[in-house]
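A look at the structure
Residue strings, one per chain:
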Amino acid sequence: RYFLVSDVDSMVAYGDSYSGHNKTFTSNKLALKWYQKAAERGNATAMVRMGTIYREGWSDEESYWKAIDCYQNAVELDSLNIEALSELGGTFGLEAGDYKTGHSYLDMALEIDSTYLDALWYKACFYVKQDNDVQMKKIIQRIDIIDSTFVDRKIKEMNDD
């Protein structure tokens, strides 16, 4: 079955069915294989998914540098890929501690869509780490205007991990 699938979207869908933080390392490794096949065909979404598996340590290795490579490759393929820009910015800031680079990628994402909640959330997290409560509160207010339940859901996710 693995060798019969040639449609890139199907490859990404198979990968999605095997990946996630509630899945096993073996399952996520299988997801990586599907994403890799799609990425080899130039699918930016697959590259973003691979990056998340590496960043979160859902496979045998946890590597935010591998994640950054995946996200950068996705942005090279599709410079308007808001998810790739957001994850790249978040990973630079929260994993590598490079807030300046992180903010620049998040700003690029927010130029494409000023209401993209994940990018705003990463900015809020940066400001928490940088002890900048004023900016953090401004971002949280922006998020609440867009989706009043988003912050509570993100906090619950963090507590569940």
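Report follows, based on the coordinates. Model, not experiment: these values are computed from the prediction. Residue positions are given per chain, counting from 1 as you read along its sequence in written order. Local features in this predicted model are restricted to residues of pLDDT 70 or higher, and side-chain atom pairs are both shown and tallied only at a pLDDT of 80 or more, whereas totals for entire chains, interfaces and linings draw on every residue. Water and hydrogen atoms play no part in the side-chain values, which are based on all heavy atoms of the structure.

A short note on the nonpolar core
Only buried Ala, Val, Leu, Ile, Met, Phe, Trp, Tyr and Cys residues count toward a nonpolar core, and they belong to the same one when joined by side-chain atoms within 4.5 Å. Burial here depends on accessible area, computed with a 1.4 Å probe over protein chains only, as a share of the maximum for the residue type. Under 20% is buried, over 50% is exposed, and the range in between is partly exposed. In terms of nonpolar packing, the biggest core is built from 47 residues, with M50, L88, W121, I140 and I143 touching the most fellow members. Elements that contribute at least two residues to this core include exactly helix 2 (25-40), helix 3 (44-56), helix 4 (64-77), helix 5 (82-95), helix 6 (99-112), helix 7 (117-129), helix 8 (133-146) and helix 9 (150-160). Runs of E in the DSSP output that reach at least two residues are strands. Runs of H or I that reach at least four are helices, and both are numbered from the N terminus. Ranked by residues supplied to this core, first place goes to helix 7 with nine residues. If sequence neighbours within four positions are ignored, L88 has contacts with I68, Y71, Q72, V75 and Y105. Residue contacts are defined here by distance: any two heavy atoms, one from each residue, within 4.5 Å place the two residues in contact.

Observations regarding unusual backbone geometry
Even without being glycine, D131 reaches a positive phi, approximately 55 degrees. Its place among the elements puts D131 in the loop between helix 7 and helix 8. Its relative accessible area of 68% is what places D131 among the exposed residues.

A word on the side chain of S86
Along the polypeptide, S86 turns up in helix 5. If we skip the residues at most four places from it in the chain, S86 touches L106, A109, Y116, D118, A119 and Y122.

Focus on the pattern of salt bridges
Within this document, salt bridges are pairs made up of a side-chain nitrogen of Lys or Arg and a carboxyl oxygen of Asp or Glu, the two lying within 4 Å of each other. A full pass over the atoms with the stated rule returns seven salt bridges. With its nearest N and O atoms 3.9 Å apart, the salt bridge here joins D118 to K154. With D118 in helix 7 and K154 in helix 9, this residue pair connects regions lying 36 residues apart in the sequence. On the basis of relative accessible area, K154 is assigned to the buried category, the value being 18%. Of the charged contacts, one joins R153 and D147 as a salt bridge, the two residues approaching to 3.2 Å between their closest N and O atoms.

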